[in-house]
Amino acid sequence: MEPQQHRPTWLDLPISFYGSAFANVPSQQTTLRRVCTTSYYRLLIEQIRAQTDTTKQGELKTQLPAISPVAFMYHRKDKTSFAQKIKQQWPLLTGDIDRKDNPGVDMAELKDRLARLPYVMLCAYSVRGGIWFVVRLPDHQTPDTLAAHFRYLQWLFTDRFGIELDKSKGGNPTALRYLSYDAAPYLNDSPTVMGKTPPKPTPKPTRPVSFNHSYFQGRSDAELLTRLVQRVEIAGEGNRHT
């Protein structure tokens, strides 16, 4: 019997690799699967995570390369249009959960729970020990539709999960993120699609955010997904995402 060959999936699409987060032109191409499974930068990242001084953390972090996780790029030069910068925008969306924005949240538990959501394609620890993840979107995305999906994702995580997403990441297809290291990243080769482009929600008064542990605890995967669907279905028209 011949060995089964790997069939490329969304995790194997070409994305751009930058030698520095300050670079304007990519140095090579890579894939999400490759950057999530490499241990090449492990020692530096473990040094960053062990550093208690946030200023020194930031200085060390700049030594890492970066990627454009949802786009294959020509460049990131200023005063140029998206069309001039982007060779191919993929139907993907990233989310970033920082520890400083979510005090008291058990990131290991949260990572495990996010891996149960069917539209999450990738979930791993970020450089400073938070979480970054990638969601599958409908085909034919544009910068505008990506921004709309990111607004919905922010609402979903804040209102339903009690988790604050980094507002500076996710809504721009040319945004870069630093390479990280995770000994056991979650990779899903067959994610479902996270619905259609939602309308822009009506602004609501801000309120304190707390991690809703009761939403996840004591449920099987099937119960978790059923409850998630039910919560979305009872949301108002302006917040429904099917």
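Everything numeric in this text was worked out from a predicted model, so none of it was measured.

Conventions and cut-offs
- Residues numbered from 1 in each chain as written.
- Predicted model: local features only at pLDDT ≥ 70, side-chain atom pairs only at ≥ 80, totals over all residues.
- Heavy atoms only, no water.
- Pairing = 2+ DSSP bridges.
- Helix = DSSP H or I, 4+ residues; strand = E, 2+ residues; numbered from the N terminus.
- Disulfide = S-S within 2.5 Å.
- Buried < 20%, exposed > 50% of the residue type's maximum accessible area, 1.4 Å probe, protein only.
- Polar contact = N/O pair within 3.5 Å; in protein donor to acceptor, adjacent residues only side chain to side chain.
- pLDDT = per-residue confidence, 0-100.
- Contact = heavy atoms within 4.5 Å.
- Phe/Tyr/Trp six-rings, centres within 6.5 Å; stacked < 30°, edge-to-face > 60°.
- Core = buried A, V, L, I, M, F, W, Y, C linked by side-chain atoms within 4.5 Å.

## Focus on the pairing of strand S1 (residues 15-18)
Stage number 1. Alignment of S1 against strand S2 (residues 28-30), held across three bridges, turns out to be antiparallel. Bridge pairing in S2 links serine 16 to glutamine 29.
Stage number 2. In terms of strand pairing, S1 meets strand S3 (residues 66-68) through three bridges, oriented antiparallel. Bridged to tyrosine 18 within S3 is alanine 66.

## Observations regarding the sheet that holds S1
Stage number 1. The strand order S2-S1-S3-S9 describes an open sheet built from four strands, whose pairing is antiparallel. Lying at the two open borders of the sheet, with one neighbouring strand each, are S2 and strand S9 (177-178).

## A short note on the state of the cysteines
Stage number 1. Counted under the stated rule, the structure contains zero disulfides.
Stage number 2. Here cysteine 36 stays free of any disulfide, with the sulfur of cysteine 123 as its closest cysteine sulfur at 9.6 Å.
Stage number 3. Overall, the relative accessible area of 0% leaves cysteine 123 in the buried class.

## Examining helix H5 (residues 107-114)
Stage number 1. For H5, the buried fraction is high: six of the eight residues fall into the buried class.
Stage number 2. What H5 keeps buried is the set Met107, Glu109, Leu110, Lys111, Arg113 and Leu114.
Stage number 3. Between the side-chain oxygen at the start of H5 and the backbone nitrogen of alanine 108 there is a gap of 3.0 Å, and the oxygen is on aspartate 106.

## Notes on the confidence of the model for the protein chain
Stage number 1. Per-residue pLDDT for the protein chain has a mean of 85; in total, 78% of the residues score no lower than 70.
Stage number 2. Scored below 50 in pLDDT, residues 228-242 shows 29 contacts in the model against residues more than four places distant or in partner chains.

## A word on the packing of aromatic side chains
Stage number 1. Across all of its chains, the model carries four aromatic pairs by this definition.
Stage number 2. With 4.9 Å between their ring centres and 75 degrees between their planes, tyrosine 40 and tyrosine 41 make a pair best called edge-to-face.
Stage number 3. Exposure remark for tyrosine 40: the relative accessible area of 67% places this residue in the exposed category.
Stage number 4. Taking the centre distance of 5.2 Å and the plane angle of 15 degrees together, the rings of phenylalanine 133 and phenylalanine 157 count as stacked. Of the two residues, phenylalanine 133 sits in strand S8 (residues 131-136) while phenylalanine 157 sits in helix H6 (residues 143-161), which places them 24 residues apart along the sequence.
Stage number 5. For phenylalanine 133, a relative accessible area of 1% translates into the label buried.
Stage number 6. Feature note: the residues Phe133, Phe157 and Phe161 constitute an aromatic cluster, connected by ring pairs.

## Regarding the pairing of strand S6 (residues 92-97)
Stage number 1. Burial of S6 is extensive: six of the six residues sit out of reach of the surface.
Stage number 2. Going residue by residue along S6, you find Leu92, Thr94 and Asp96 tucked away on one face and Leu93, Gly95 and Ile97 tucked away on the opposite face as well.
Stage number 3. In terms of strand pairing, S6 meets S8 through six bridges, oriented antiparallel. When the sheet's bridge partners are listed, glycine 95 is paired in S8 with phenylalanine 133.

## Quick look at unusual backbone geometry
Stage number 1. The phi dihedral of lysine 79 is positive, around 60 degrees, even though this residue is not glycine.
Stage number 2. Within the secondary structure, lysine 79 is located in the loop between strand S4 (71-73) and helix H4 (82-85).
Stage number 3. A positive phi angle, near 65 degrees, is found at histidine 140, a position not held by glycine.
Stage number 4. On the secondary structure map, histidine 140 appears in the loop between S8 and H6.

## Quick notes on the nonpolar core
A general feature of soluble globular proteins is that nonpolar side chains tend to end up buried together.
Stage number 1. Of all hydrophobic cores here, the largest spans 25 residues; its most connected members are Ile97, Leu114, Phe133, Val135 and Phe157.
Stage number 2. Those elements that place two or more of their residues in this core are S6, H5, strand S7 (120-125), S8 and H6.
Stage number 3. The biggest single contributor to this core is H6, with eight residues.
Stage number 4. Excluding residues within four positions of it along the chain, valine 135 makes contact with Pro91, Leu92, Leu93, Tyr119, Val120, Leu153 and Met194.

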